[in-house]
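# Secondary and tertiary structure notes
Listed below, chain by chain, are the residues.
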Amino acid sequence: MSKKRLVVIGNGMAGVRCVEEIISVSPDKYEIVIYGSEPRPNYNRIMLSKVLQGEHDLQDIIINDWSWYEDHGIRLCAGEMVHKIDTPSKTIETLSGMRESYDILILATGSAPFIPPIPGVDKERVMSFRTIDDCTRMSAYSKVHRKAAVIGGGLLGLEAARGLLHLGMEAVVVHNAPYIMNRQLDLQAATMLQHELEAQGMSFLLNKNTQKIMGRSQAQGLQFTDGTKLEAQVVVVAVGIRPNVEVARRSGIKTHRAIVVDDYMRTSVPDVYAVGECAEHRGISYGLVAPLYEQGKVLARFLCGQEITEYKGSIPYSQLKVSGVDVFSAGNITGEEMRTAVQMLDGIRGTYKKVLMKEGHVSGAILFGDTTESASLLGLVQRGAGIEELAPREEETDPAEKAAAALPDQETVCACNNVSKVMIMRAIQDKGLQTAEQVKEHTKASGSCGGCRPMVTALVKHTLHLQKNGNSASEAAAAAKTTEWPVCSCTDLGHASLKETLKRLSDGNPSELAASTDHHHLYDIQEGDGMRRIMQQLDWRTEEGCDICHPALRYYLKLTGKWMSVQQPDWAGNRNANLRDMVVGIEVHAGDLKFEAMAQDLQFRWVNADMPAPVRVVLSGGASSWVSPIVQDIGLLESPAGWEIYAGGHAAHPVKEGALLGLGETEEDAVQLISACVEWYRRTAWYDEPLWAWVERLGFISIRENLLDPQFQNELAGRTVSELTFTGPKR
């Protein structure tokens, strides 16, 4: 059976990211053809300012070089501008006369610089700042001319002006608002940024409206509506962007400001989709990279027939390094209903923080100079969190490392490349990374816009600090005591700190827990005196503990790897045995008789294993099955291609659907992925934490990325077979 042909119009960041996602999910599903108007492979447009400023050359910002297209069987038609789409016949045509048929068409045409109708804007040496060719032109002009004017005081204009300064030109930024970056910053932050840029040599003319560009055929300067003038031989227009929709509009595809799409990125024409700056979703077209990547992921999974969550829009935010200054802005920062929840200015350090609220909920945030809290604040804005969640952060005295420590493990640090805190810390630990640059190489975190670099740096420092002090009284454990909910009223320790403390004591000197003679080890501790000694060692408030902490203690002790020979309850003979003290295990159910053998195999693998909470695994053959696999802790759904594995659902009210963890071509592949997932759950979940809650806490994406790593998956599944079939105490 021949593959369907997928044609992408646009070789930019959004379209190619969508293709990358398709390849990662279903690499053999489509024959892929990409048309790009520029004669080069896909590059990071965000990094153009770095090229202009001399920090990088073109090769440094290439995302996928020529070999990437070849290696993945993608035909790239570079330097070809598509000008016509015949939707009835499903063909496209380029200006050079090339024709291509398609089964699926993705429009990723991006945007073009908006050029306002200023008289003289078509003169020579008047240009925009959007492509590599623009950088080349600016560099050439700088060798002949000295004075430049940049119309537009937004991010793009400031970056262009900084590049012109680097090239040795005088750069004056002309802006029609009272302060720069007025859509992302307030007056205080904008003023601080302006002072920084003026110290670098940049000049500003604010509240100025350009009436015309002077000169005969070449630019010689600007004349303003107030009658004043500015000499300039080079004029850069950077006042915004306009979605490229002409080819769609001519082809009968519905457009407003951009190409109208639904929650699955479908246009008004069957089999035609749109992503990126050219797409308009629920009345909004986004010009930032993170929303565009989110759109690409949704579309890729939809085209590959995967279980997906619709794209519901994005919270606008900017996490940037403007001419060397870290700036962050998220959510709504203006409006009559906005109120200031937090405002802090440090004139000595040159930092500023402002958090805005609406009706008691966090609605926007601005950071200047120190953006280490950006990821956590973005999470609060996205959730519409109550302002009470801000209070603990105001007590922090070391915002860099402490903000990194306080950030939830599953929180996204690099939105451009979807890299979470736990993924970064795991890379640092497993690969022995020492710098933020090494983290970028291994995870791509901070590899696009660079705005998350401060948090990545803080996480490196935090993780290395944990490693250095891992066998002593960890500062992280002490901090956790103040932020975690305690396990019960018997202790101040939360699950994370209790688990870490027991593991540290077990790894270091197990006899510390026995606290008696040298021959007492962890696995010799009996249910009575031994457990009391443990609780005494950990400053328990009660001598005997309670029904909540007792089983949690025993579970975490077993998890250390040194078996504790406790007296197990009499399951059959003691009707009054505390159910919480019984072994919590795994149940595997076959939704069809033909899956009985596979279910028994899975059940046998975990017959001797305690679970943090009961785990229910269901195998299903589809619609004919008596039970749905999607609303289980782990569900297997037989499909023509093999097995679909879902995780994180539950059938209790309110019903929660699990997400697609991965695909297994064979029964063995499916069993291995499930086994790895269950083992990862055992290692990282808190006692009594259901699997669905564990998924929410760690974040489904980070769990999936970890488990789909072949080496890590083999390690987890291998431990299942080699260690969990052991039936007696370890000696």
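Residues numbered from 1 in each chain as written. Predicted model: local features only at pLDDT ≥ 70, side-chain atom pairs only at ≥ 80, totals over all residues. Heavy atoms only, no water.

### Things to note about the overall build of the chain
As a reminder, the rule being used: Helix numbering and strand numbering both begin at the N terminus, where a helix is a DSSP run of H or I of at least 4 residues and a strand a DSSP run of E of at least 2. Residue contacts follow a heavy-atom distance rule, with two residues in contact if any of their heavy atoms lie within 4.5 Å.
Looking only at helices and strands, one finds 23 helices and 32 strands in the chain. Taking the intrachain contacts of the chain between residues at least 6 apart in sequence as the baseline, contacts between residues at least 24 apart amount to 60%.

### Quick notes on the packing of helix α1 (residues 13–25) against helix α8 (residues 289–303)
The criterion, for reference: Convention adopted: a line fitted to C-alpha atoms gives each axis, helices being fitted over their contacting stretch, and angles between N-to-C directions are expressed from 0 to 180 degrees. Orientation categories follow fixed angle ranges, with anything under 35 degrees roughly parallel, anything over 145 roughly antiparallel, 65 to 115 roughly perpendicular, and all other angles oblique. Note on convention: the crossing is left-handed when the near helix lies turned anticlockwise from the far helix by less than a right angle, right-handed when the turn is clockwise. Gly falls in the polar group here, along with every residue not listed as nonpolar (Ala, Val, Leu, Ile, Met, Phe, Trp, Tyr, Cys, Pro) or charged (Asp, Glu, Lys, Arg).
At a minimum axis separation of 8 Å, α1 and α8 run at an interaxial angle of 40°. As the angle between them shows, α1 and α8 are arranged oblique. Both α1 and α8 take part in a crossing whose hand is right-handed. Here α1 contributes Met13, Ala14, Arg17, Cys18, Glu21, Ile22 and Val25 to the contact with α8, which in turn contributes Val289, Leu292, Tyr293, Gly296, Lys297, Leu299, Ala300, Arg301 and Leu303. In the contact of α1 with α8, the residues fall into 11 nonpolar, 1 polar and 4 charged.

### Considerations on helix α9 (residues 374–383)
Residues that lie three or four places apart on an α-helix share one face, since the helix turns once every 3.6 residues. The test is simple: Categorising residues by exposure relies on relative accessible area from a 1.4 Å probe, with only protein chains included: less than 20% of the type maximum marks a residue as buried, more than 50% marks it as exposed, and the intermediate range marks it as partly exposed.
Counting buried residues along α9, 8 of its 10 residues qualify, which places the element largely inside the surrounding structure. Those residues of α9 not exposed but buried are Ser374, Ala375, Ser376, Leu377, Leu378, Gly379, Leu380 and Val381. A positive phi of about 60° marks Gly384, the residue just after α9.

### Some thoughts on the pairing of strand β28 (residues 586–590)
Test applied: Strand pairing follows a simple DSSP-based rule, namely that at least 2 bridges must link the two strands. Here is how to tell: hold the view so the strands point away, follow the path from the first strand over the helix to the second, and if it runs clockwise the crossover is right-handed.
The side-chain alternation of β28 yields one buried face, formed by Ile586, Val588 and Ala590, and one unburied face, formed by Glu587 and His589. When β28 meets strand β29 (residues 615–620), the two strands line up parallel, connected through 5 bridges. Its bridge partner lying in β29, Ile586 is registered against Val615. Following the backbone out of β28, through helix α19 (residues 596–605) and into the adjacent parallel β29, one traces a crossover that is left-handed.

### Side note on the pattern of salt bridges
A side chain of one charge can pair with a side chain of the opposite charge if their charged atoms are brought near each other. Here is the rule we go by: Salt bridges are defined as contacts in which a side-chain nitrogen from Lys or Arg sits within 4 Å of a carboxyl oxygen from Asp or Glu.
Following the criterion strictly, the structure yields 32 salt bridges and no others. Salt-bridge contacts for Glu170 lead to Lys147; the nearest nitrogen and oxygen are separated by 2.9 Å. Residue Glu170 is found in strand β11 (residues 170–174), and its partner Lys147 is found in strand β10 (residues 147–151); the two are separated by 23 residues along the sequence. For Lys147, a relative accessible area of 25% puts it in the partly exposed group.

### A closer look at the pairing of β10
Taking burial as the measure, the 5 residues of β10 include 4 buried ones, the bulk of the element. Bridge analysis of β10 against β11 gives 5 bridges, and the strand direction is parallel. Paired with Ile151 across the two strands is Val174, which belongs to β11. In this fold, β10 hands off to helix α5 (residues 155–166), which returns the chain to β11; that crossover is right-handed.

### Quick word on the packing of aromatic side chains
Selection criterion: Within 6.5 Å between ring centres, the rings of Phe, Tyr and Trp (the latter by its six-membered ring) count as paired, and their orientation is classed by plane angle as stacked under 30 degrees, edge-to-face over 60, tilted in between.
This model, assessed by the stated rule, comprises 8 aromatic pairs. Centre to centre, the rings of Phe595 and Trp643 are 5.3 Å apart; their planes meet at 65°, and the pair counts as edge-to-face. Taken together, the residues Phe595 in the loop between β28 and α19 and Trp643 in strand β31 (residues 642–647) connect sequence positions 48 residues apart. For Phe595, a relative accessible area of 4% corresponds to the buried category.

### Looking at the nonpolar core
Convention followed: In this text, buried Ala, Val, Leu, Ile, Met, Phe, Trp, Tyr and Cys residues form a nonpolar core when linked through side-chain atoms within 4.5 Å.
Judged by nonpolar contacts, the single largest core of 58 residues is most densely connected at Leu636 and Trp694. Here this core takes 9 residues from helix α20 (residues 667–684), the largest share from any one element. Aside from chain neighbours lying at most four places away, what touches Trp694 is Cys677, Trp680, Tyr681, Thr684, Ala685, Glu689 and Ile703. With 54 residues, the next largest nonpolar core counts Leu107, Met265, Val275 and Cys278 among its residues.

### Description of the environment of Gln672
Mapped onto the elements, Gln672 comes out in helix α20. Given a relative accessible area of 25%, Gln672 falls into the partly exposed group. Taking the C-alpha atoms as reference points, Gln672 and Leu602, 70 residues apart in sequence, are found 9.6 Å from one another. Each residue touching Gln672, except ones within four places of it in the same chain, is listed here: Gln713, Asn714 and Ala717.

### As for the side chain of Thr684
Operational definition: Pairs of N or O atoms within 3.5 Å make up the polar contacts considered here, provided that, within protein, one atom can donate a hydrogen while the other can accept it, and that residues adjacent in sequence are counted only when both atoms are side-chain atoms.
Turning to its location among the elements, Thr684 is positioned in helix α20. Within the structure, Thr684 has its side chain in polar contact with the side chain of Trp694 (distance 2.7 Å). If near-sequence neighbours (up to four positions away) are discounted, Thr684 is found in contact with Lys499, Trp694, Arg697 and Leu698.

### A closer look at the sheet that holds strand β9 (residues 126–127)
Here 5 strands make up an open sheet; going across it, the order is β9-β16-β10-β11-β12 and the pairing parallel. Edge positions in the open sheet fall to β9 and β12 (203–205), since each of these has one partner strand only. Packed on one face of the sheet, α5 meets β10, β11, β12 and β16 (234–237) and runs near 165° to β11.

### Focus on the packing of α19 against α20
Between α19 and α20, whose axes approach to 11 Å, the crossing angle comes to 30°. When the interaxial angle is binned, α19 and α20 end up roughly parallel. Two packed elements cross with a definite hand, and for α19 against α20 that hand is right-handed. Residues Met598, Asp601, Leu602 and Arg605 of α19 form the contact with α20, whose own contacting residues are Glu667, Ala670, Val671, Ile674 and Ser675. In terms of residue class, the contact of α19 with α20 is made up of 5 nonpolar, 1 polar and 3 charged.

### Quick word on unusual backbone geometry
Phi is positive for Asn207, which is not a glycine, with a value near 55°. Of note, Asn207 is situated in the loop between β12 and β13 (210–214). Positive phi values are uncommon outside glycine, yet Lys444 reaches one of about 75°. Tracing the chain through its elements places Lys444 in the loop between α12 (436–443) and α13 (453–468).

### Examining a negative patch on the surface
We count it as follows: Excluding any residue in a salt bridge, patches collect residues exceeding 30% relative accessible area, merging like charges within 9 Å and nonpolar Val, Leu, Ile, Met, Phe, Trp and Tyr side chains within 5 Å. The Shrake-Rupley method, run with a 1.4 Å probe sphere, supplies the accessible areas, and residue values consider only the shown protein chains as cover. By the counting scheme adopted, Arg and Lys are positive, Glu and Asp are negative, and His together with the chain ends is not counted. One atom stands in for each charge, and that atom is NZ of Lys, CZ of Arg, CG of Asp or CD of Glu.
A surface patch of like charges, here negative, comprises Asp28, Glu665, Glu667, Glu668 and Asp669. Summarising the element assignment, Glu667 is placed in helix α20.

### Regarding the side chain of Glu277
Mapped onto the elements, Glu277 comes out in the loop between β19 (272–274) and β20 (279–281). Among the polar contacts listed, one links the side chain of Glu277 to the side chain of Ser111, at a separation of 2.8 Å. Within the local environment of Glu277, its side chain forms a polar contact with the side chain of Arg130, the two groups lying 2.7 Å apart. In contact with Glu277, not counting residues within four places along its chain, are Gly110, Ser111, Arg130, Ile241, Pro243, Ala258, Ser285, Tyr286, Gly287 and Leu292.

### Focus: the confidence of the model for the chain
We count it as follows: Think of pLDDT as the predictor's per-residue confidence, scored from 0 to 100.
Looking at the chain as a whole, its pLDDT mean stands at 83, while 84% of the residues score no less than 70. Predicted confidence is poor over residues 471–483, with pLDDT under 50, and the contacts of this stretch with residues over four places away or in other chains come to 12 contacts. Scored below 50 in pLDDT, residues 509–527 shows 45 contacts in the model against residues more than four places distant or in partner chains.

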